[in-house]
Amino acid sequence: MRRYWIVLLVIICCGARAHAQIPAMSMDQVIRSTSSKDTTYIINFWATWCAPCVQELPEFNELHKRFEGRPVRVLLVSLDFKSDYPMKLNTFIQRKRLLPQVIWLSDTDPNVFVPKVDAAWEGSIPATIIVNPSRQQRRFIEGQVTEKQVAAIVEKMMKE
């Protein structure tokens, strides 16, 4: 019985630590954290309840691997409901073995955060924006993407 309690305590402590790894950010914070001039950013907006979003997540794992060691950062911005943060989101991330950093968007009003991402965004997900701040380049894509499609855009931005 004592062993059971020790194992339970370890699970609870490790779980709490894992949940702390998913930061909650406002859109303004996301924008500030993706503005370093020495990095190209691939930012994907998704949710665990969105089937097309979940289908394309392996593409972002591949992008993360492909650009590892280069000045490219993949960021997955979860638009999951507040009631799913952090427990359900953390469990999902672990189950899907997501490699890129995941943050939870704390802004809940799409009328406020959507225009900050791109004026053309109608708010549907998945949506991806690729940004190269040093060259003031950005490419917004509403809908599913592939690793090959995004990689080609990133490579072009980094060369120009």
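Please read all numbers here as calculations on a predicted model, not as lab measurements. Residues take numbers from 1 onward in each chain, read along the sequence in its written order. Note on the predicted model: pLDDT of at least 70 is required for a residue's local features to be given, and 80 or more for side-chain atom pairs to be given and counted; whole-chain, interface and lining totals, by contrast, use all residues. The basis for every side-chain value is the complete set of heavy atoms in the structure, and neither hydrogens nor water enter the calculation.

Novice: What is the right way to look at the sheet that holds strand E1 (residues 24–25) in this model?
Specialist: Across a sheet, strands are paired by hydrogen bonds formed along the backbone, either parallel or antiparallel in direction. Pairing between strands is defined by DSSP: at least two bridges between them are needed. Starting at the N terminus, helices and strands are each numbered in turn, a helix being any DSSP run of H or I of at least four residues and a strand any DSSP run of E of at least two. As summarised here, the arrangement of the 6 strands in space is E1-E4-E3-E2-E5-E6, forming an open sheet in which the pairing is mixed. Both outer strands of the open sheet, E1 and strand E6 (137–142), are each paired with one neighbouring strand and no more. As defined by bridge partners, strand E2 (residues 40–46) adjoins strand E5 (residues 127–132) across 5 bridges and the pair is classed as antiparallel. Within E5, the residue paired with tyrosine 41 across the bridge is valine 131. Lying on the sheet, helix H6 (residues 147–159) is in contact with E2, strand E3 (72–78), E5 and E6; it crosses E5 at an angle near 15°. Contacts are residue-level and defined by heavy atoms, with any inter-residue pair within 4.5 Å sufficient. Lines fitted to C-alpha atoms define the axes, with helix axes restricted to the stretch in contact, and inter-axis angles between N-to-C directions lie between 0 and 180 degrees.

Novice: Honestly, the nonpolar core in this entry has me stumped. Any pointers?
Specialist: If you look at the biggest cluster of nonpolar residues, it comprises 48 residues, and the most contacted ones within it are Ile42, Phe45, Trp46, Val77 and Trp121. Setting aside residues no more than four positions away along its own chain, phenylalanine 45 makes contact with Met27, Cys53, Val77, Leu79, Val117, Trp121, Ile125, Pro126, Ala127 and Ile129. Residues enter a nonpolar core if they are buried and are Ala, Val, Leu, Ile, Met, Phe, Trp, Tyr or Cys, with the set joined through side-chain atoms within 4.5 Å. The buried label applies to any residue whose accessible area, calculated with a 1.4 Å probe on protein chains only, is under 20% of its type's maximum; exposed applies above 50%, and partly exposed to all values in between.

Novice: Quick question: what am I supposed to make of the packing of aromatic side chains here?
Specialist: Remark: the centre distance and the inter-plane angle together describe each pair of aromatic rings, the angle taken between the planes. Stacked, tilted and edge-to-face are the three classes assigned to paired rings of Phe, Tyr and Trp, where Trp is represented by its six-membered ring and a pair needs centres within 6.5 Å; plane angles under 30 degrees give stacked, over 60 edge-to-face, the rest tilted. Counted according to the given criterion, the structure contains 6 aromatic pairs. Three or more aromatic residues joined by ring pairs form one cluster here, namely Phe45, Phe113, Trp121 and Phe140.

Novice: Looking at this structure, how should I read H6?
Specialist: In an α-helix, one full turn covers 3.6 residues, which means residues spaced three or four apart are oriented alike. By definition here, a helix of n residues has an expected span of 1.5 Å times n minus one. The end-to-end C-alpha distance of H6 is 18 Å, a good match for the 18 Å that 13 residues give at a rise of 1.5 Å each. Regarding H6, the residues found buried are Glu147, Val150, Ala151, Ile153, Val154, Glu155 and Met157. Considering only its buried residues, H6 is in contact with E2, helix H3 (51–66), E3, E5 and E6.

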